[in-house]
Each structure stands twice: as structure tokens, then as C-alpha cells.
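What follows is the residue order along each chain.
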Amino acid sequence: MNESNYDAIIIGAGMSGGWVAKELCEQGLKTLLLERGPDVKHIQDYPTTNMQPWEFKHRGEMPYDVQKENPIVSRCYAFKEDNAHFMVKDKEHPYKQDKPFDWIRGYQVGGKSLLWARQTQRWSDFDFEGPARDGFSVDWPIRYKDLAPWYSKVEKFAGITGNKDGLETLPDGEFLPAWQLNCVQDYFTDVIAKNYKDRHVIFGRCAHLAEAKDIHREQGRTQCMKRTECERGCPFGGYFSSVSSTIPWALKSGNLTLKPYSVVESVMYDEESGKASGVRVIDSNTKEVTEYTSKIVFLNAGSINTVSILLNSKSDRFPNGLGNDTGLLGKYVGFHNYRGKVNAIHDGHINTAVKGRIPTGAYIPRFQNIHRQETDFLRGYAATFFAGRSKQVEMGEGFGHALSSQILDNQPEYGPWHVGSGIMGATIPKETNYIKLDETETDEWGNPLIRISMEYDDNDEKMLKHFFGQFTEMFEKAGFENITQADSKQAPGLDIHEMGGARMGKDAKTSVLNKWNQLHNCKNVFVTDGACMTSTSTQNPSLTYMAISARAANYAVEALKKGEI
Amino acid sequence: MHRREAVKRIALASIAAMVMTRCDFGEEEVTEFLSEGKLQLNQKHKKYLAQISETFLPIKGKSDRIDPAADFIMTMVNDCKSPADIQKFAVGFNDYKNLMNQSSLEIDTDEPEEVLTVVEGVLDKKESKEELTYFILTVRELSLKNLTSSAFFMEDYLDYQLIPSEYIACYDITKSQNERI
Ligand SMILES: Cc1cc2nc3c(=O)[nH]c(=O)nc-3n(C[C@H](O)[C@H](O)[C@H](O)COP(=O)(O)OP(=O)(O)OC[C@H]3O[C@@H](n4cnc5c(N)ncnc54)[C@H](O)[C@@H]3O)c2cc1C
Ligand code: SF4
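Below is a short write-up of the structure. A quick note: this is a predicted structure, and the numbers were derived from the prediction, not measured.

Observations concerning the overall build of chain B
When its secondary structure is counted, chain B shows eight helices and three strands. From first element to last, N terminus to C terminus, chain B shows the α and β order α-α-β-β-α-α-α-α-α-α-β. Intrachain contacts of chain B at a sequence separation of at least 6 include 75% that bridge at least 24 residues. Roughly 8900 Å² of accessible area belongs to chain B as shown, and the carbon and sulfur atoms make up 48% of that amount.

Side note on the interface of chain A and chain B
Of the residues lining the interface, 52 residues belong to chain A; the matching set on chain B comes to 56 residues. Here chain A packs against chain B, burying approximately 4700 Å² in sum over the two surfaces, 63% of which is carbon and sulfur. Among the residues chain A hides against chain B, the three largest losses belong to A:R59, A:K355 and A:F399. Together they make up 20% of the total. The tally of links from chain A across to chain B stands at five salt bridges. Across the pair B:E166 and A:K355 runs a salt bridge, and its minimum N-O distance is 3.0 Å. Put simply, chain A and chain B have 20 residue pairs in polar contact (both at pLDDT 80 or more) between them. The greatest single-element share of the side of chain A that touches chain B, amounting to five residues, is contributed by helix α11 (residues 401–408) of chain A.

Some words on empty space enclosed by the protein
Residue and element names in this part refer to chain A. Counted under the stated rule, the structure contains four cavities of 30 Å³ or more. Roughly 80 Å³ of internal volume is contained in the largest cavity. Around the largest cavity, the lining comprises 13 residues; the ones closest to its centre are C224, R227, T228, C230 and C234. Within the lining of the largest cavity, the residues separate by chemical class into seven nonpolar, three polar and three charged.

Topic: the layout of surface pockets
Residue and element names in this part refer to chain B. In this structure, the second largest pocket occupies an estimated 570 Å³ of space. Forming the walls of the second largest pocket are 27 residues, and the residues nearest its centre are A50, S53, E54, I59 and K60. Top element by residues in the lining of the second largest pocket is helix α3 (residues 43–56). It accounts for seven residues. Residue composition of the lining of the second largest pocket, grouped by class: 10 nonpolar, 10 polar and seven charged.

Overview of unusual backbone geometry
All names here are of chain A. The backbone of R118 shows a phi angle near 65 degrees, a positive value even though the residue is not glycine. The class of R118 is buried, set by a relative accessible area of 8%. Of note, the phi angle at K287 is positive, near 70 degrees, even though the residue is not glycine.

Concerning the packing of helix α7 (residues 183–195) of chain A against helix α12 (residues 458–477) of chain A
All names here are of chain A. Running from N to C, α7 and α12 point in directions that differ by 110 degrees, and their axes come no closer than 9 Å. Taken as axis vectors, α7 and α12 run roughly perpendicular relative to one another. When α7 is examined against α12, the residues F188, V191, I192 and N195 are found in contact with a partner set consisting of M474, F475 and K477. Its residues assigned to classes, the contact of α7 with α12 shows five nonpolar, one polar and one charged.

Some points on the sheet that holds strand β21 (residues 448–453) of chain A
Adjacent strands of a sheet form backbone hydrogen bonds with each other and so pair up, either parallel or antiparallel. Residues and elements named next belong to chain A. Taken in spatial order, the five strands of this open sheet run β3-β21-β20-β11-β23, and their pairing is mixed. The open sheet terminates on both sides in strands that have one partner only, identified here as β3 (96–97) and β23 (499–501). Here two bridges tie β3 to β21, and the two strands are oriented parallel to one another. For K96, the partnering residue across the bridge sits in β21 and is R451.

Side note on the nonpolar core
All names here are of chain A. Formed by 119 residues in total, the largest nonpolar core has its most connected members in V267, V279, F298 and V525. When residues of this core are assigned to their parent elements, the largest contribution, 12 residues, is made by helix α13 (residues 542–561). Formed by 38 residues, the second largest nonpolar core is a distinct cluster that contains V201, F367, F467 and F480.

Regarding the environment of B:F89
All names here are of chain B. The topology assignment puts F89 in helix α5 (residues 83–100). A relative accessible area of 0% means that F89 is categorised as buried. Put simply, F89 and N78 are 11 residues apart on the chain and 9.9 Å apart in space, counted from C-alpha to C-alpha. Other than its neighbours up to four places away in sequence, F89 contacts L39, L49, I73, V77, Y134, F135, T138 and V139.

As for the site of ligand 2
Residue and element names in this part refer to chain A. All residues adjacent to ligand 2 are H208, C224, M225, K226, R227, T228, E229, C230, C234, F236, G238 and Y239. Taking a 2 Å distance to the grid points as the criterion, the majority of the atoms of ligand 2 fall inside the largest cavity. Residue composition of the shell around ligand 2, by class: six nonpolar, three polar and three charged.

Description of the side chain of B:R140
Position of B:R140 among the secondary structure elements: in helix α7 (residues 130–148). Within the structure, the side chain of B:R140 is placed 3.2 Å from the backbone oxygen of A:G396, a separation counted as a polar contact. Here B:R140 is in contact with A:M395, A:G396, A:E397, A:G398, A:F399, A:L403 and B:F56, once residues within four sequence places are set aside.

Describing the packing of α3(B) against α5(B)
Packed helix pairs are specified by the crossing angle of their axes together with the interaxial distance, meaning the distance between the axes. All names here are of chain B. It is the contact of α3 with α5, at a shortest axis distance of 12 Å, that shows an interaxial angle of 80 degrees. The orientation of α3 with respect to α5, classified from their angle, is roughly perpendicular. For the pair formed by α3 and α5, the contact residues are H45, Y48, L49, I52 and F56 on the first element and F89, F93, Y96, K97 and M100 on the second. Taken together, the residues that form the contact of α3 with α5 break down as eight nonpolar, one polar and one charged.

Rules behind the numbers
Residue numbers restart at each chain and count upward from 1, following the sequence in its written direction. Chains and ligands are labelled by the order in which they are written, letters from A for the one and numbers from 1 for the other. This being a predicted model, a pLDDT of at least 70 is required before a residue's local features are given, and a value of 80 or more before pairs of side-chain atoms are given or counted; all residues contribute to the totals for chains, interfaces and linings. Only hydrogens and water are set aside when side-chain values are computed; all heavy atoms of the structure are taken into account. In DSSP terms, a helix is any run of H or I states spanning at least four residues, a strand is any run of E spanning at least two, and both are numbered starting from the N terminus. Here a residue-residue contact requires only that any non-hydrogen atoms of the pair lie within 4.5 Å. Exposure was quantified through the Shrake-Rupley algorithm and a 1.4 Å probe, taking into account, for residues, occlusion by the shown protein chains and nothing else. Note on definitions: buried area is the accessible-area loss of two parts on being combined, 1.4 Å probe, summed for both. Salt bridge, as applied in this entry: a Lys or Arg side-chain nitrogen positioned within 4 Å of an Asp or Glu carboxyl oxygen. N or O atoms closer than or at 3.5 Å make up a polar contact, with two conditions inside protein: a donor-capable atom paired with an acceptor-capable one, and, for residues adjacent in sequence, both atoms drawn from side chains. The rule is simple: put a 1 Å grid over the protein atoms alone, call a set of points where a 1.4 Å probe fits but cannot get out a cavity, call an open set with protein on both sides within 12 Å along at least five of seven lines a pocket, and count a residue as lining if it has an atom within 4 Å of a point. Grid points are joined across faces, edges and corners, and a volume is the space filled by probe spheres set on the points. Under the grouping applied here, Gly and all other residues not named as nonpolar or charged are polar, the nonpolar ones being Ala, Val, Leu, Ile, Met, Phe, Trp, Tyr, Cys and Pro and the charged ones Asp, Glu, Lys and Arg. Burial status follows relative accessibility: with a 1.4 Å probe on protein chains alone, a residue under 20% of its type maximum counts as buried, one over 50% as exposed, and anything between as partly exposed. Axis definition: a line fitted to C-alpha atoms, limited for helices to the stretch in contact. Angles are taken between N-to-C directions and run from 0 to 180 degrees. For classification, angles of less than 35 degrees are called roughly parallel, those exceeding 145 degrees roughly antiparallel, those between 65 and 115 degrees roughly perpendicular, and all remaining angles oblique. Any two strands with at least two DSSP-identified bridges between them are counted as paired. In these notes, a set of buried Ala, Val, Leu, Ile, Met, Phe, Trp, Tyr and Cys residues joined through side-chain atoms within 4.5 Å is what counts as a nonpolar core. Any residue with a heavy atom positioned within 4 Å of a molecule or strand is treated as near that molecule or strand. Those molecules having more than half of their atoms within 2 Å of a cavity or pocket grid point set are described as sitting in that cavity or pocket.

Structure below.
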């Protein structure tokens, strides 16, 4: 079957694909958005959203069989009874691990934007200039000033809550007023400010509507009610997801065709015009193959899937995958090092607690190797800072009335404050970290199984050691007690920030994409998800994917108008 | 059950335990509670399990916002335990029944103290059969979980609200009894 003729095709209806759809449709392009998973409609497809904790059959616990069949996704903190239906089960979508890699996915309209923890920070030039300075990886073809207006555009529309902190390492954005941090977070902020010139504890900027502006109400979203049950899908549209925001917006334009259950097998290449002509799609239910044609193609299937689709797009001109003249496609992938945690108890602030909840914590931007190389590792890490205190349910002793009266005759008391920080470390994308296609085995749809190989290196180990040392010292300065350091030794992947494989760069010999996210040698194909990332830095990456997507989509519209692509 | 009887039972339990641990308990012993590897309880069994749970953690009449414990225990054992642990639970259930000598599957609820003396005696004895101990501890743990995760406990004791009405970052807990988690 052959179906034509769209101006644009977008592969993947997740976080980045939603942004491309919005931008292209707003500007009048007839756009086809292809998604391999089922449709998810805002509110009506959030089956658990209004359930009380006691209404879950297993009170949140995942059944034994599910965990046994799906050991990978079961290791993800977010895989719970209330949102397991939004997460890919290992068994249904197998892949090969040349080195251990826990690949966490969400295959549905909305992708992982339904599930994310909504932490959003801009990159600064210290991040974009990292590779040029230390010589690992290639120089980014863009700088902060290229992306700044697009960050602003995304922030205003999505709704980002935060404070203007005035830090050179973490540029401020278009923020909705932040909620207050709690007493212990404030206290730690003061301790750190007094003891360290270069370290800051700030409110964790997040994609929540602390206040709904007209632009958000136009999307049908209202103020965040601070339920912190976001990963079920939010009936208020209090947090940003493609399902609550960009996709319905694009549909409203009348220019978007959304096709769920459409597994893109490859991008088709027309040897005569030297351009991509469209995509080949397999219906995930019937396995029927359809070809769709368009003037431009955007790949937004999530870094690893995007790379695999390009590798699978073979033609006479590109026998090793579309745009892969150099053999670089699938190489130089990276992730974030989330292995380390430092936890402690705080005995102070005993008469205070938090009433209610907020869906974010505190954030400590990177403070190492900013102006010069000062540690034995390259780049650096940021960290989270959590402080909380809850009423403790004593499980009592013994049996019978003695037991029930221990529990029911006393109101639970507050326990001590628990505090903790987690590392968010940059890794250096290396040639030896790769994504490839298996040569013999295929999945249920006949597409080659993906092989992944990523590992930590000496730089990561040194960074982790530094984190443990510094955060223990910082916690000691705050007088926290029972300080413990934990290395989860988790495999790469659980950070859920896989990046690279089709990196941007200035030179077609050393990179796959140019500064507008076009394949260097097939200019009507754009890659604007995490696959385009040249380096990883420390920030949560999705805000940058969204800004890059909006920027590239607007460039594509202009280039189409000018007949350049 | 009278105290003297109860004490006798403890002695019996430890003797039984010694015998039982050496004895190979086949499927036949537990088929009453097991079917295709899952706990299968008829109404009578369920009632018995409910009585055991109520004896371990008496909450009858406290609130209608607590789910029936036996249903919850059964669901959790069947869905969240490994096949080996389900088997262990079923064998332990059988041992418990034998220990209490309740062929009619009734507990004299007027005298739960005596039952608990037996139960605590089992837990105190190192040589008690693993399955029996596992059954007792699992029923206790899941009964507690059923209570503490109930609407009654979460709302009335932990002040849980799905949509918290407000957020106060630094709340003076000495000033009000009405804290929310
Ligand atoms: C639990 C969790 C917490 C997270 N927390 C944060 C955070 O705090 N901050 C942050 O920045 N990021 C966070 N992330 C990561 C964030 O969700 C991703 O970076 C983001 O969603 C990536 O956007 P994307 O468009 O590249 O991919 P996705 O959002 O995953 O969308 C890709 C879409 O493509 C579809 N697709 C894949 N293959 C094909 C194919 N062959 N054909 C058709 N469609 C296809 C998929 O089904 C999917 O819908 C988190 C993720 C998770 C799961
Ligand atoms: S915390 Fe906000 S965004 Fe999350 S579920 Fe609640 S209202 Fe929705």
C-alpha cells in the first residue's frame, strides 16, 4: 500500500516528536505523526489517575510473575502498579545486551513524556563547550545563544516552575513562580552558601504549572494540585506531557494525522533526487506494510530506536544505513551516571514538617571543572537534594489486642528528617559504546533486534568517588548524622537518559548531523531526539531535546519554503 | 481452649515440628489449600483464615473502610509470592490447622489468648517447622499491611489525601493536630 502525500512525517509521538508536530502543524504543514504504540488520550486514557492507594489490588506492589518475566523494567523505580501499563515489558520488546544495559521505554502516544520526573534545566555554554575544551567527542555546532530563544519558547508553552537563581552554570528561564523549599532544604542551602563559594542549592525546576497562564488554559490545562501521582497521567494537565499539551495542540490545527500502532521499519531513500522519500511502516497488529511519502522526515523515536531505524534504512547510496557514510552512526552513545547516593538523618528542625506535597525537590548544579580543569576526572556532576519527614507506622510487637492497640491507640509520630543526594554525572560518549543491529535475529515485526553496549569507565569511577567525598563533607558541615554512601552499581540505562549515536557536529567526517539536525548527507531528514546529542553534560536532557526539536522544525519550515530541501 | 491445654499443645507442636521437619510432606497433605500451585481457599477455609487474622490482629468493628483481611492475604500470597513461598504458606496453613486440632475449622474466639500462647510458643521454638513459622509471620505481616494501607488508617491516622488541600513548606507540628503527610 502506498499513502501520500504529506509535507512532513514524524516518527515517534513522545516528548520530542510532540514538539515537532506542534511546530510544523502551527505553520501549516500537513503532518503525519507515526507512533508504534497505542493512542493515549488526555484524561480518558489515564485509567488509574483517580484511584486511592488502597484501591490497588496489591497496594502498589508488582506481582511476582510480572517481575520475573520483566527483570529489566522491574529495576526502574517508576514501574509500579499504578503506571505499569505505560511501560514496555521486557518480554514484549526484546533486545540484546552486549554489555548490561537496562533500557526503559514507553511505547504509546506520549512516549516517556507521560512517565518522566519532569526535571528541567537549561544547558549553559560551560556544557556546550565541554568537548571542545577537553578534546573528548567533537565540538558542538551550536552554543547557548543558538538555543536560548527556543528554550524560552518551550518553557512558556510547557510551563516550567522555578526561581531565577542568576547562576552562570545554569541559565535562568521563563519561569512560573516556584514553590518554597522546606526548612531543611533551606537550612542546607544556607550551610552550603556559607561554606562554599561555588556551590548552590536551588529549587528543582520542573515542568509543572505552579500557576496556569492563558497559554496553558488554552491547552485545557490547569494549575498543578500537587498530588504527586503524575506518572499515572494528570487529570489537571498539571505537568507537561505530549498527551496533555503538544499533540492535542497540533491536532487542533487540523494539519495533523496521528497514526498509532504504526511501527516504522525504515526511512526510504530516493536515489534519483538524493532525498528521503518517506517511510515504510508495519501495522503493529496486522503486520500489513504501508509506505508513506513526504517532503521531510523527522526521527523522534527515542535515541536508541531512532538510531536503529536509520541503521535499518539501507539503500544503494547508503548500504550501512541512512546518512552513515562514516560508520559513526550508532557510535559515541552516552548516558548519565546515577549510581551514587549519600543519605543521612537530620536531628534538627524537630518541630517542623511539611504539610502537603510538591512534585520536585532541590537541585545542586554542577560545580566541578567549570572555569578550568581541577579534578582528576573530566566534566562533572550535578546532584539532587531531598529532605523529608513522614509519620512512622510502627509495626508493633506480638499478637492480639496488644498488637492492635499498639497501632490503633496511638497516633503515628513523625520520624526524623531523612536527607539524601543522588549523583547526576556526565559520561563521555565513546566509540566503544554503541548501538547496532543484530545480523540474524528479528523482532515480532521482522525488524532486526537492537544490540546495545554501554559501560562505565575510569572517568565515571573517579567522579563517583569525588561525589561521595564532597557530599559526605557537605553533609557533615550541615551536622547531618548517620551518613551513608551507596553505590547501586546499576547498569547504564536506568538513568533513562540515553543520548547520542547520531551526534551533531561541524564536520560531516566526524559527525552525523549538522547544526540544524539534518543528516549531513541527506538534508531532508532531521533527528531531534536524544540521538543528536554530542555530549551528555549533567542536566536532565528533555528540555534540551524539546528546544532543539522546536528550533529544527522551524528551520525545516523555512528551508522548505525556500526550496532548500 | 484452656491454658493447660494450650501449654500441652506447645509441647505437642515442638514434638510435631521435629517429626514434621523429617517428614516429606507431599502434595496430598496440602491439596486442600493448593490448586495448580496457587492457594485455593473455599468459603470455610477463608473464614478460618479470617479468624486467624482477626486473632492475630483484632480489628473487628473498627471501621468498614478496611478490606476483608482473608481476601487480601490470599491475593497477596497468590500474586506476589514465589511458587515456593505459596507452597510454603499452604503447607504452613495445613500445619497450623493440625496444630490447633480444629477439624471443624473453628476457633473458640472467646479464648484467643490461648491460641496466641500456642502461636508465640511456636515462634519461640527454634525447632519449629519452617512452613508453620512462615505461615504465622506472613498472616501477621499481611494483616498489618491490610490495616495500615486501608482507607481507614491512611485517612484517619496518616491524614492522607489524594489531592492535598494545601502545601506548607515549614509547618509547625506543635501547633496543630491536623497535619497532612
Ligand atoms: C521514569 C522516568 C523519569 C524521567 N525523568 C526525567 C526528568 O526528570 N527529566 C528529563 O529531562 N527526562 C526524564 N526522563 C526521560 C524523558 O522521558 C525522555 O528524555 C524523553 O521522553 C525522550 O523523548 P523522546 O521523544 O526522545 O522519546 P520518547 O518520549 O520515549 O518518545 C519516543 C516515541 O517513539 C515511539 N517509537 C519508537 N520506535 C518507533 C518506531 N519504530 N516507529 C514508530 N514509533 C516508534 C515510542 O513508542 C515513543 O512513543 C525520564 C524518563 C522516565 C521513564
Ligand atoms: S502533582 Fe500536579 S501534575 Fe502531578 S498529578 Fe498532581 S496535579 Fe497533576
